Amino acid sequence: MTEDWIKNNLDKVKNTRKCQRNWDHSKQVPEQHIQHLIDVAVNSPAKQDEAYFDLYIVTNREKLKSLYKDHSWGFVVDDDQQYRNPQIDGHVLFFWARKIPETNRNAWVDNSIKDSQPFSRVWVNCLTAIGLSSGMVALTAANLGYATGFCKNHFQQPGSYKAWIDVLGHKEPCHPDADPNYQKGMSNPEWVCPYSGMDTTLIHSLNIGFPDESLEWFQNRDTQYMTSDPRDQVKGEVDCLSYPGIVHELDQDIIEFYPYSHDRDSNNSIDRPHNVRWIR
């Protein structure tokens, strides 16, 4: 292992910290690269080597464009002012949804199987598996020369969550008292996971592709922003809207997103305040 390999590997890791905010749609990602990234995703480590997530891949340009335009709002730039998340508009979108594995290899102290699905299994194990998988996919994509961008804003607008699961074909668990014939979306009454307290199993996405070389990675030419409908009376801890937001146009050609991970001038990565203790 050479010093050059070590530096190159760390550079690729640091590149995955950048959230790519623009894309060059004149290029296409080869299908063999997409398949390799899928193979990486489903072969990543997991607790007891069980399948703790479902994986969705979207490459349909029209679907991605529609999701980006109407259902990616959520990057807050000022009080009641937010941008779309343009990482959604990339070439290949990976989406992870947590699930209960069909197998069960977790046991209690008395060696009985954890059939009651405790919090550690339905939430912690799932998130750990998804984190490992998505990280390995991002690093592999970086080594293949692609830009990447993670996102979890898929619910800001009314109807956005339904739009996402319709495109993905994802089925949430159903409330025991709901119509047993429902196919997609949240049930009525609403299902809530009794262990995590969450009403969704969609976790996060990663888009992969070619950057627009005419822009910095944190810039985009979409100069629209959204404010809430006055009926929402937005103030305090509001994470999604009840009414469709109002779209406005900025009088400028380019918008910029906060480049938290790298210095905008030098492009050097910025250290984060992790506590690291090496016990020798």
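The coordinates are above.
Cut-off values and rules
- Residues numbered from 1 in each chain as written.
- Predicted model: local features only at pLDDT ≥ 70, side-chain atom pairs only at ≥ 80, totals over all residues.
- Heavy atoms only, no water.
- Core = buried A, V, L, I, M, F, W, Y, C linked by side-chain atoms within 4.5 Å.
- Buried < 20%, exposed > 50% of the residue type's maximum accessible area, 1.4 Å probe, protein only.
- Helix = DSSP H or I, 4+ residues; strand = E, 2+ residues; numbered from the N terminus.
- Contact = heavy atoms within 4.5 Å.
- Pairing = 2+ DSSP bridges.
- Axes fitted to C-alpha atoms, helices over the stretch in contact; angles between N-to-C directions.
- Salt bridge = Lys/Arg side-chain N within 4 Å of Asp/Glu carboxyl O.
- Disulfide = S-S within 2.5 Å.
- Phe/Tyr/Trp six-rings, centres within 6.5 Å; stacked < 30°, edge-to-face > 60°.
- Lys NZ or Arg CZ within 6 Å of the ring centre and 35° of its normal.

K.L.:
An account of the nonpolar core is needed here, citing residue identities and associated values.
P.N.:
Counting 26 residues, the largest nonpolar core has Phe 94, Trp 96, Val 137 and Ile 208 as its most contacted members. At the level of secondary structure, the elements contributing two or more residues to this core comprise helix H2 (31-42), strand S1 (53-58), strand S4 (92-98), helix H4 (119-143) and strand S6 (202-209). At eight residues, H4 tops the list of elements feeding residues into this core. Leaving out residues up to four positions away in the same chain, Val 137 has contacts with Leu 37, Val 40, Ala 41, Phe 94, Trp 96, Leu 206 and Ile 208. Counting 15 residues, the second-largest nonpolar core is a separate cluster that includes Leu 67, Ile 88, Phe 95 and Tyr 161.

K.L.:
Lay out the sheet that holds S1 with the relevant residues and their values.
P.N.:
With respect to topology, four strands assemble into an open sheet ordered S1-S4-S6-S5, the strand pairing being antiparallel. Two strands close off the open sheet at either side, each with one partner strand: S1 and strand S5 (147-151). Averaged over all pairs of adjacent strands, the angle between strand axes in this sheet comes to 20 degrees, irrespective of strand direction. In this sheet, S6 lies alongside S4 in antiparallel orientation, the contact comprising six bridges. Paired with Phe 94 across the strands is Leu 206, a residue of S6.

K.L.:
Can you lay out the pattern of salt bridges for me, pointing to particular residues and giving the numbers?
P.N.:
In total, this model carries nine salt bridges according to the counting rule given. One salt bridge connects Glu 50 with Arg 121, and the closest N-O pair in it is separated by 2.9 Å. Here Glu 50 is found in the loop between H2 and S1, whereas its partner Arg 121 is found in helix H4, with 71 residues between them in sequence. Of the residues examined, Glu 50 reaches a relative accessible area of 4% and is grouped as buried. Between Arg 84 and Asp 222 there is a salt bridge, with its nearest N and O atoms 2.9 Å apart. Here Asp 222 lies in the loop between strand S7 (219-220) and strand S8 (224-227) and Arg 84 lies in strand S3 (residues 81-84), a separation of 138 residues in the sequence.

K.L.:
Go over the state of the cysteines with me, naming the residues and quoting the values.
P.N.:
Under the counting rule described, the total for this entry stands at zero disulfides. This cysteine, Cys 193, is not joined by any disulfide, and Cys 126 carries the nearest cysteine sulfur, 8.8 Å off. Overall, the relative accessible area of 5% leaves Cys 193 in the buried class.

K.L.:
Tell me about helix H5 (residues 160-168), and name the residues and values.
P.N.:
By the burial criterion, the buried members of H5 are Ser 160, Tyr 161, Ala 163, Trp 164, Ile 165 and Leu 168. Buried residues belonging to H5 abut S1, helix H3 (61-71), S4 and S6. Note on H5: the residue one or two positions beyond its end, Gly 169, has a positive phi of about 70 degrees.

K.L.:
Quick one: what's the story with the packing of aromatic side chains, residue by residue and with numbers?
P.N.:
What the rule picks out here adds up to eight aromatic pairs. For the pair Phe 75 and Tyr 258, a centre-to-centre distance of 5.5 Å together with 45 degrees between the ring planes defines the contact as tilted. On the criterion of sequence distance, the pair formed by Phe 75 in strand S2 (residues 73-78) and Tyr 258 in the segment after strand S10 (255-256) is long-range, its members being 183 residues apart. Ring centres of Trp 217 and Phe 218 lie 5.4 Å apart, and the angle between their planes is 90 degrees; this geometry places the pair in the edge-to-face category. For the residue pair Trp 217 and Phe 218, the accessibility class agrees, reading buried in each case. Members of the aromatic cluster, each reached through a chain of ring pairs, are Phe 75, Tyr 83, Phe 257, Tyr 258 and Tyr 260. For the cation-ring pair, Arg 84 lies above Tyr 68, with the distance from its terminal atom to the ring centre recorded as 5.9 Å.

Keep in mind that these numbers describe shape and distance, not what the molecule does.
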